Amino acid sequence: MIRVGIGYDVHKLVEGRKLILGAVTIPFDKGLLGHSDADCLIHAIIDAILGAIGKGDIGMHFPDTDDKYKGISSLKLLQYVKEMLDGFSINNIDATIIMQKPKLAGYIAQMEENIAQCLQIDLGAINIKATTQEGLGFTGKGEGVACQAICSVEKIKI
């Protein structure tokens with residue numbers, strides 16, 4: 001049985017925070033506001049995986065009201081989700097980062113590697129893209145970042 005899940009996340013860009021996407025710290029004058037490290041990309045991927053395996057969403061498992069997740073690396077949260085796969089294997093993950101700047105092309109390979117290593121899946125099973133909104137909307141105006149992800153999983157035959 002093959003299943004698919006989608007994920008979407010948004011975080012506001014603010015001064016005084018690091019910009020972390022795909023567990024890569026990107027030099028920029030603003031970072032993402034959030035309870036954890038606010039890694040919008042990994043949050044969208046987590047929701048896509050949880051959706052594919054039918055286990056709710058990120059807020060259900062890692063609520064922003066729980067202090068044990070304050071400042072936590074989203075890569076650690078992804079590791080927790082990997083442990084929830086319970087009989088499923090990830091076929092592939094495709095994700096898009098939507099933000100006006102900075103340009104991300106030089107960081108995407110490391111993002112893909114970080115996620116593949118964390119999930120212990122083939123690097124070729126991860127595809128990350130980045131796009132702008134041509135100055136339109138909150139991402140185009142540099143007010144925030146949005147990420148979308150889709151994940152395909154397959155039930156392991158025993």
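Residues numbered from 1 in each chain as written. Predicted model: local features only at pLDDT ≥ 70, side-chain atom pairs only at ≥ 80, totals over all residues. Heavy atoms only, no water.

J.: Just checking my understanding: could you explain the nonpolar core for this structure?
T.: Side chains of a nonpolar character, in soluble globular proteins, are inclined to be buried together. Residues Leu-21, Leu-41, Ile-49 and Ile-97 are the most contacted members of the largest nonpolar core, which totals 49 residues. Each residue touching Ile-49, except ones within four places of it in the same chain, is listed here: Leu-78, Val-81, Leu-85, Ile-90, Ile-93, Leu-119 and Cys-151. (Core = buried A, V, L, I, M, F, W, Y, C linked by side-chain atoms within 4.5 Å. Buried < 20%, exposed > 50% of the residue type's maximum accessible area, 1.4 Å probe, protein only. Contact = heavy atoms within 4.5 Å.)

J.: How do you make sense of the pairing of strand 6 (residues 126–131) when you look at a structure like this?
T.: In summary, the side chains of a regular strand alternate between the two faces of the sheet. In this structure, strand 5 (residues 88–98) lies alongside strand 6, joined through 6 bridges in parallel fashion. Bridge pairing links Ile-93 to Ile-126 in strand 6. Once the chain exits strand 5 it traverses helix 4 (residues 108–119) before rejoining the sheet at strand 6, and the crossover so formed is right-handed. (Pairing = 2+ DSSP bridges. Helix = DSSP H or I, 4+ residues; strand = E, 2+ residues; numbered from the N terminus. Right-handed = clockwise from strand over helix to strand, strands pointing away.)

J.: Quick question: what am I supposed to make of helix 3 (residues 74–82) here?
T.: Every α-helix carries 3.6 residues per turn, so stepping three or four residues along brings you back to the same face. Along helix 3, the positions that sit buried rather than exposed are Ser-74, Leu-77, Leu-78, Val-81 and Lys-82. For helix 3, the angular spread of the buried residues around the axis is 150°, confining them to a single face. If you follow the buried residues of helix 3, they end up packed against helix 1 (40–52) and helix 4. (Arc of directions from axis to C-beta.)

J.: How do you make sense of the sheet that holds strand 5 when you look at a structure like this?
T.: Sheets are built from strands that pair by backbone hydrogen bonding, the pairs being arranged parallel or antiparallel. Spatial ordering of the open sheet is given by 4-1-7-5-6, a layout of 5 strands whose pairing is mixed. Edge positions in the sheet fall to strand 4 (31–32) and strand 6, since each has one partner strand and no second. Where strand 1 (residues 2–14) lies against strand 7 (residues 144–155), 11 bridges are found, and the strand directions are antiparallel. Bridge pairing in strand 7 places Gly-5 opposite Cys-151.

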